Each structure stands twice: as structure tokens, then as C-alpha cells.
Amino acid sequence: MNKSPKKPYKAQTVAVHGGECPAPNTGATTPNIAMSSTYQVEPEIQFSVADRTDDTGYVYTRWGNPTLQQLSEKLAVLEKAESCRLFSSGMAAISTLFLHFLSSGDHIIMSDIVYAGASELAQEILPKMGIRVSRANTSKVQEIKDCLLPETKMIYVESPCNPICRLSDIKTIATITEKTNILLVVDTTFATPMGIKALELGADIVVHALTKYIGGHGDAVGGALLGPEEILNDLHQSSTVRLGGVMSPFNAWLILRGLSTLPLRMRAHEENAFKLAQFLENHPKILKVIYPGLTSHPQNQLARRQLSNFSGMLTFQVQDMEKAARVFHQHLDLFHYAVSLGHHKSILFRMDTASLLSSSYHLSKAQEEDYRNYAGDGIFRVSVGIEDAEDLCSDMEEALKLL
Ligand SMILES: *Cc1c(COP(=O)(O)O)cnc(C)c1O
């Protein structure tokens, strides 16, 4: 059997077998890594990607690569997407998406709270290209409707959003874009396909930073777009190949291995995050905990409806955030004080509200108030790893004694 399995197996089986098959030349059961920039081709092959067809085969790794192909297939089956395209980072996926779909005169509505890099890209670079950007609190559907213009081409949402774990109701937002030519793009990096399948809820394109849970081990940076083959093939031919933000085959190989255990890891992340969230919520020195799985989350009802796994991301607040940052940095044994998230190791990082609001977000007074409802003057964003939950709680307990 030299083919990857074709039956509609369940997620855990697909994660292990999807996109993979024993190598036809050697029988090796683990994917070969094709670290080749170029391929021997027939003399008929032309030099421009515009001449490429489905039968062209591999020509040059910026156009396509067998290791990337294997990862694309596995991820597409897990997300229940027709197609997947890979990028050198999450931001390369997002910038290629924007440059492909938006041109001068167009308008995009973006969630007020998204990953800081995506926010800064929209705010600093798109306007220079003549693209208008409106920021809406997408957890309130009416606010999106109020921003709609005849020129609106895209609605861009993160759910749950980085860093505050606020949700947007994808199914309801999709009723706005349905039967229009507005693309609904949803970044579900925090939830992964194990938590939400936004395409099934009506999104047109899903974004993932593979750097986070999908790679899962804090070693490889990568990004993906998932959706209809017709759209993504056009994006690949017209934009990705020309802009050039493609993934290295080595990273694809690492992420392919990480993805094999995604369903197992997400169960462990969720279990640990639940335990740590409950521990923190009951601790006298903690002012507030935000975790979609807790009944105290302002949108716990929506979380229960739209998330099949609450993931490992939570935030908490204490009285003296600056002092706490120093204490955690020095005294936490298991949590690394670092940016990024979704790794097997636990990570925590302080995000100061005033500094985020001035550097990355451009909010109205009402949006700022809503942000503070979730984040106060600042939060610790915690990516709960897959260590033993009791060890994580006692590590935190020891550090909190010093506050
Ligand atoms: C990290 C992240 C990104 C960007 O991914 P990179 O691989 O760092 O470029 C985009 N969206 C979300 C939600 C993220 O957390």
C-alpha cells in the first residue's frame, strides 16, 4: 500500500496517517524530507509559473515541494478543508492573503483585537496601498454591520482572539458575508482544528500560525491558509510564488511530525488549562482569570456552542503586574517567561494594556472599555503546556507566595 489512507477516518487516525504513505522507492514508513530546491524536469517545461498546470509536477520548491504537499494534505483533512497552502510564517500567510485579495480602493473590516503583528500590518501597511481599514469589535455582530461599505472585500476575525481569549460568533458573522463577494477570513490559531472548524461554520478561509499548537514543539515557524482549492490555487499561482514567503521543507517535516499528535496534545492542553484556571480562580492573590472553559468567561455559552476543545490559552491578572513579572521571571521553575504559545512547554508573558493599546491597536473608547473588561490594565497570557498539571499548579503556588 503506497497510498495515504482514503477512508473518512476519525481525527486521531487522520492526524497519524493523513498525507503520509511509505516511500515508493525505499518503503520507508516515515516521510522522506525532500530538501531539494529544484527537480529534474522534462524539456517541455516552461520557466514561468503561469504555464504551470496540475500535471506539471515539481519544478522548483517555491512552486511546490513533496514534503510541503504531505503536510498540506494532513492539515486539510483535519480541518475538513478542500485545500491547504503553506507559508514561511503565520504572518507570511496573512500578508500574502491581504496582498492577493485587496487592492487600492478596497475596504477591510478587521477585529479590533487580533494578533499584534496582523493588527500592525493592517494599520501600518495596508493604508499606504490605498486600502481602507475599519476595526470592529467582532464579538458584537452589529458593529461589523455598521462598518460595511460597498467597497468591503474582506472581514478578518480571530476567535478566540490573541491575547484576551474573546470569541466571535463565526456562524452568525457568516450570515453577513453569505451570498456576497465579501470573504470571511478566520484565524483559529488558538483553538486549532480540534477546537473549531471555521469553514464548517461558514468562513471562506481559515488562517493558522503553525508555529503554535499545530507544530506544537516550539521549534519551527510556519503558517497556513485553508479553504476552497480554486481560490487557494489562484492565490498560490498569482501571489505566493511571486511574493515568495514559502515554507522550508525542513520546517514542513518538523510540523508534519508535530501535527501527528495534535489531537492527543490538545486534550492534554485543555485538561491542564482547566486545572490551572480553576486553581488560579480560587487563589486569593488572583484578581481575574479568563479561560473560555470557565463558566465565569463572559462568553462561556458561545464557547460551549462553538468550541469542541477549549485549548490551553488563558489569561490572569494580579494587583501588581510589574512585580509579578519579575517574580515569575525569576522564580517560576516550569513556565518559561517568553512570547509565543502552543508548545508542549508552558509559557507565560505579561501584556500591559496601555502599551498594547498605543503600539498595536487603534481602538475607539467603547472598544477600549471592552478590552479592559477582559484585560484590565494588563494580563499574563499563559500557554499551558502538557507537563503534569499538579506540578504546574504547585510551581505557580510557590511563586504567588512571593507576591
Ligand atoms: C503567532 C500568531 C500569528 C503569527 O504567526 P507567526 O508564525 O509568528 O508569523 C498569527 N495569528 C495568531 C493568532 C498568532 O498567535
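Procedures and definitions
Residues numbered from 1 in each chain as written. Predicted model: local features only at pLDDT ≥ 70, side-chain atom pairs only at ≥ 80, totals over all residues. Heavy atoms only, no water. Near = heavy atom within 4 Å. Areas by Shrake-Rupley, 256 points an atom, 1.4 Å probe, with all protein chains shown as cover. Helix = DSSP H or I, 4+ residues; strand = E, 2+ residues; numbered from the N terminus. Pairing = 2+ DSSP bridges. Axes fitted to C-alpha atoms, helices over the stretch in contact; angles between N-to-C directions. Contact = heavy atoms within 4.5 Å. Patch = residues over 30% accessible without salt bridge, like charges linked within 9 Å, V, L, I, M, F, W, Y side chains within 5 Å. Salt bridge = Lys/Arg side-chain N within 4 Å of Asp/Glu carboxyl O. Buried < 20%, exposed > 50% of the residue type's maximum accessible area, 1.4 Å probe, protein only.

Close to the ligand lie 15 residues; Gly90, Met91, Asp187, Thr211 and Lys212 are nearest. Out of a free accessible area of 380 Å², the ligand has 93% covered by protein chains. Of all the elements, helix H3 (residues 90-101) adds the most residues to the shell around the ligand, at 3 residues.

The subject of this paragraph is the sheet that holds strand E4 (residues 152-158). With mixed pairing, the 7 strands of this open sheet are ordered in space as E1-E7-E6-E5-E4-E2-E3. One side of each edge strand has no neighbouring strand; the edge strands of this open sheet are strand E1 (83-87) and strand E3 (132-136). The average undirected angle you get between the axes of adjacent strands in this sheet is 20 degrees. Alignment of strand E2 (residues 107-111) against E3, held across 5 bridges, turns out to be parallel. Considered in E3, the bridge of Ile108 is made with Val133. The sheet contacts of H3 involve E1, E2, E4, strand E5 (183-187), strand E6 (205-209) and strand E7 (223-227), and relative to E4 the element is tilted by about 165 degrees. Of the strands in this sheet, E4 and E5 touch helix H6 (residues 170-177), which is tilted by about 160 degrees from E5.

On the surface, a cluster of nonpolar side chains totalling about 320 Å² of accessible area is made up of Leu99, Ile125, Met129 and Leu243. Its place among the elements puts Leu99 in helix H3. Exposure remark for Leu99: the relative accessible area of 37% places this residue in the partly exposed category.

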